[in-house]
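Residue-level structural notes
Here is how the chains run, residue by residue.
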Amino acid sequence: MTGERVQQAVIAAMEATADRGQEIQKAAVAGAARGAAEPPAGPGTMSSLSSGFRGYVWAALVTALAAVLILALIGLIWVRPADGENETIVTVFTATLTGLVGLFTPSPVAGREGGTGNSG
């Protein structure tokens with residue numbers, strides 16, 4: 001099974017870099033072969049946890065980020081310093097919003113066999 005995955009990954013890398021230089025092709029093929037040969041996620045990763053616990057961790061993380069986002073938004077609206085210096089609150093707001101949006105973005109490895117993805 002792993003041999004087939006490696007072969008498919010190498011073929012895909014060769015096709016994707018067909019119009020590139022030989023050095024780029026070598027690097028792409030080597031990276032694809034290494035990535036496909038890696039074993040699926042094992043102990044110590046999120047995918048090794050039960051789906052109920054993963055759901056709890058997901059809900060706790062989303063709730064915490066949403067709370068920080070709401071507090072930062074309230075801070076932007078309520079606390080308006082006279083000199084207009086609110087870069088810290090803007091930074092917290094944008095970083096939290098980015099993190100929250102990133103949690104709902106599909107994983108780039110979700111489609112690969114053995115990928116972890118965001119499926120709960």
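Note that residues are indexed from 1 along each chain, following the sequence as it is written. For this predicted model, a pLDDT threshold of at least 70 governs which residues receive local features, and a threshold of 80 or more governs which side-chain atom pairs are given and counted, while totals over whole chains, interfaces and linings are taken from all residues. By convention in this description, side-chain values take in all heavy atoms of the structure and omit both hydrogens and water.

1. Structural notes on the confidence of the model for the chain
In plain terms, the rule: Within a predicted model, pLDDT stands for the predictor's per-residue confidence, ranging from 0 to 100. To qualify as a helix, a DSSP run of H or I must reach at least 4 residues; to qualify as a strand, a run of E must reach at least 2; elements of each kind are numbered from the N terminus.
Averaged over every residue, the pLDDT of the chain is 74; residues scoring 70 or more account for 72%. Taken element by element, the predicted model of the chain shows its lowest mean pLDDT in helix α2 (residues 22–37) (73) and its highest in helix α4 (residues 87–103) (86).

2. What about the side chain of Thr 96?
Here is the rule: Between N or O atoms, a polar contact is any pair within 3.5 Å; within protein, one atom must be a potential hydrogen donor and the other a potential acceptor, and residues adjacent in sequence are included only when both atoms are from side chains. What makes two residues a contact is simply this: any of their non-hydrogen atoms within 4.5 Å.
Looking at the secondary structure, you find Thr 96 in helix α4. Within the structure, the side chain of Thr 96 is placed 2.7 Å from the backbone oxygen of Val 92, a separation counted as a polar contact. Aside from chain neighbours lying at most four places away, what touches Thr 96 is Leu 65, Val 68 and Leu 69.

3. Details of the packing of aromatic side chains
Basically, it comes down to this: A pair of Phe, Tyr and Trp rings is counted when the ring centres sit within 6.5 Å of each other, with Trp represented by its six-membered ring. The angle between the planes then sorts it: under 30 degrees is stacked, over 60 is edge-to-face, the rest tilted. A 1.4 Å probe rolled over the protein chains alone gives each residue an accessible area, and that area as a share of the maximum for its type sets the label: buried under 20%, exposed over 50%, partly exposed in between.
Counted under the stated rule, the structure contains two aromatic pairs. When the centroid spacing of 5.5 Å and the interplanar angle of 85 degrees are considered together, the rings of Trp 58 and Phe 104 count as edge-to-face. Within this pair, whereas Trp 58 is found in helix α3 (residues 51–78), its partner Phe 104 is found in the segment after α4, the two being separated by 46 residues in sequence. Using a relative accessible area of 31% as the deciding quantity, one classes Trp 58 as partly exposed. Here Phe 104 falls in the exposed class, since its relative accessible area comes to 54%.

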